[in-house]
Structure formats: structure tokens, C-alpha cells
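The residues making up each chain are set out below.
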Amino acid sequence: MIATAITETTPAGISATGLAKRYGDIIAVDGLDLDIPPGEFFGLLGPNGSGKTTTIHMLATLVRPSSGSVRIGDVNVASHPVRARRKIGLVFQESALDRTLTVAENLRFAGRLYDLPARTSAERAQELLELFDMADKRDRPVATLSGGMRRALDIVRGVLHEPQVLFLDEPTIGLDLPNRRRIWRFIERLRARTGMTVLLTTHYLEEANPCDRVCFIRKGKLVDTGAPNDLVGRLGRHILEIESNELETLTTQLESKLGECLIDGDVAFFRHADEDLSTLARLQTETGRAASAWRVRRPNLNDVFLWISAGKVLKP
């Protein structure tokens, strides 16, 4: 059974020192240091163009760094890329499946790439497909599958060889909520069985909430890192959202009392450190009708993302 076999897999850590990638005058990743222990669920987060995918490609041996070093477990990626590849699984933003082949043929091909015995490959493929309720689809061409099924098959393909490290680069992009939840239930079961190290990039920030740690990068540099709850807690107790036709005037007035704000489109965000909301209630009364909307809520990881993407520092 694959459950027994996977359980014996030993997770490997990921270590990067001074990792950098330049394309001419463009610096995609700029001196990134990462230390991800075995078995950790780690989120690499940041806005588009921040260097997330380039970082994953360097960690996974697909792109050679301009400088710096990477180790997967005890293997130096630059010196022994083939040994490193045996330890990792990768789910790309874009599907790696051949749509002209059937589900079973795609998985058989993947098994051969990793030198898996045919019987082992077939047994693992069967059980993984059953976990996704796709066993009856094994003889169907990939082109006939729904988007959610193709994404699930991409993940099955990525873990068929029981990797010690799994890279998930936007694994649920473009999927509806039910399919996203289905994929995450599978990944949760897989992590529970194997203890494998998982590195995730995603723009669905709620998917990063279960991470042990997340790292935010901006313009190729590490900006902040920590447990999701700790980073959210550093924003404060509440977030105040304000909409107004006089937003510039109103925010200037409130900044002297609430501190700096973040403006995103036609909404201003303020951090409020106190559990007591009486100050905000008084300010709402003082502003009168200047604010067309005044909302107070608890902060979340999306707020951390917006704050860091805007170049603002989260102070402890």
C-alpha cells in the first residue's frame, strides 16, 4: 500500500544562502537566505514579480543561480542536481501533463522518469487516483478532464515518486472553491502520512494560514518572516477600513490620531492596536458624514500581504 510506503519517506530540509538571480540589469532575486527544516510547511509569499517562481526554480534545479548556494537535505544542488531532483516533487503554475495521453499514460511516463519499477508506479498511481476519486478516469485522455481534475492529476504526478520535498507553485490557481478545498484536503493527508517538507507559493492567502511559517519577499528580497498568526498579530487588534469622497483630507486628519494608513484604490486602511474600540467610535462620530463607509474588523494574512506589498514595515 502506498500509505505504508510513503510513511517511510524521510523529509529533507531546504537551505539557501545568498541566493540571487540576474537577467542582465534585472535583479529577479537578490541575496535570499532561507532555512526550512525537514517537515516544515513553508509559504513563500509576495506580489507578482517579487521573485517567488524564480526562487522555486532555483531551489528545484530548474534555473542556475547567478550567485549563492542551495542544499536539499545533504545534497548541494549545483554540484549534484540529479541527486537533488530525486528528492523533490514540483507542481508548476502551468500543467506539466501531456493532454494527448491518458491519465494512466501520463503517470506511467512520470514513473519512468524517476526509474520506478512498473509495478510500483502502477500501485502508487492507482491509490493516489483513488484518493482523488479519479480511478475511473485512468483511461481517459487528459484533454477530456475538467480543470480541477487536471490540477489534481498534476499533484498526483508530482508526488508519485514519494519526494522528500514538495514544491507547490500556485497549485490551485484558476480553480473554484470546491476543487481548491479538495486539493488541500489531499495535501493535508499527504503531509500527515509522510511529514514531507512543503514549500508553497499562492495568491490565495487563506491557503497559507496553515503554514508553520511564511516568508514575504518584495523585489527579490526577504522582507519579513514568521508564523502567520504572529505576523497578523503584529498588525494590531483591528483593521479600520474607510471609504470616502474626501479620502485624502480624511486620512490626513486621522493619521495624526491613528498613525500611518495604507490606501488601496478608494479604501484607506488603519491599524488599531487596542482591543477597546471606544477611540474608533469617537472618531467615527467626529468625522460625521465625511466617511461613506466605516468598517472595523480583525486583521488577516491578506492585510499583511497588502501592507508589505506597499513597502510598509510591520513593527513588532
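Sequence order as written defines the numbering, with residues in each chain counted from 1. Note on the predicted model: pLDDT of at least 70 is required for a residue's local features to be given, and 80 or more for side-chain atom pairs to be given and counted; whole-chain, interface and lining totals, by contrast, use all residues. Heavy atoms from the whole structure form the basis of all side-chain values; hydrogens and water molecules are not counted.

Colleague: Describe the side chain of Lys-87, with residues and values.
Modeller: Helix and strand definitions here come from DSSP, where helices need a minimum of 4 consecutive H or I residues and strands a minimum of 2 consecutive E residues; each element is numbered from the N-terminal end. Looking at the secondary structure, you find Lys-87 in helix H3 (residues 81–87). Note on exposure labels: buried denotes an accessible area under 20% of the residue type's maximum, exposed denotes more than 50%, and partly exposed covers the range between, all computed with a 1.4 Å probe on protein chains only. Positive residues here are Lys and Arg, negative ones are Asp and Glu, while His and the chain termini are left out of the count. What counts as a salt bridge is simple: a side-chain nitrogen of Lys or Arg found within 4 Å of a carboxyl oxygen of Asp or Glu. Although buried, Lys-87 forms no salt bridge, and the nearest oppositely charged side chain, Asp-74, lies 4.1 Å from it. The contact definition used throughout considers only heavy atoms, calling two residues in contact when any of these lie within 4.5 Å. Apart from the residues lying within four places of it in its own chain, the contact partners of Lys-87 are Ile-72, Asp-74, Val-75, Pro-163, Gln-164 and Val-165.

Colleague: Give a description of helix H8 (residues 228–235) that names residues and reports values.
Modeller: Helical periodicity: at 3.6 residues per turn, an α-helix aligns residues three or four positions apart in one direction. When we look at burial in H8, the residues that qualify are Pro-228, Leu-231, Val-232 and Leu-235. Looking straight down H8, one finds that the buried residues subtend no more than 100° of arc, so they occupy a single side. When the buried face of H8 is taken as reference, the exposed residues oriented beyond 90 degrees from it are Asn-229 and Asp-230. At its buried positions, H8 is contacted by strand E9 (213–218), strand E10 (221–226), strand E13 (267–272) and helix H11 (301–309). Gly-236 occupies a position one or two residues after H8 and carries a positive phi of about 130°. Summarising the geometry, the arc corresponds to the directions from the helix axis toward the C-beta atoms.

Colleague: Tell me about the environment of Asn-245, and name the residues and values.
Modeller: Within the element layout of this structure, Asn-245 appears in the loop between strand E11 (238–243) and helix H9 (247–258). The sequence separation of Asn-245 and Glu-286 amounts to 41 residues, and the corresponding C-alpha distance is 16 Å.

Colleague: Describe the packing of helix H4 (residues 103–113) against helix H6 (residues 147–159), with residues and values.
Modeller: The N-to-C vectors of H4 and H6 enclose an angle of 25°; their axes lie 9 Å apart at closest approach. One way to sum up the angle between H4 and H6 is to call them roughly parallel. When the axes of H4 and H6 are compared, the crossing they make is right-handed. On H6, the residues touching Val-103, Leu-107, Phe-109, Ala-110 and Leu-113 of H4 are Leu-153, Val-156 and Arg-157. Three classes are used, and their members are as follows: Ala, Val, Leu, Ile, Met, Phe, Trp, Tyr, Cys and Pro are nonpolar, Asp, Glu, Lys and Arg are charged, and the others, Gly among them, are polar. For the contact of H4 with H6, the residue count by class is seven nonpolar, no polar and one charged. Here an angle of 0 to 180 degrees is reported between the N-to-C directions of two axes, which are lines fitted to C-alpha atoms, with helices fitted over the stretch in contact. The labels follow the angle: roughly parallel below 35 degrees, roughly antiparallel above 145, roughly perpendicular from 65 to 115, and oblique for the rest. In this scheme the crossing of two helices becomes right-handed for a clockwise turn of the near helix relative to the far one and left-handed for an anticlockwise turn of less than a right angle.

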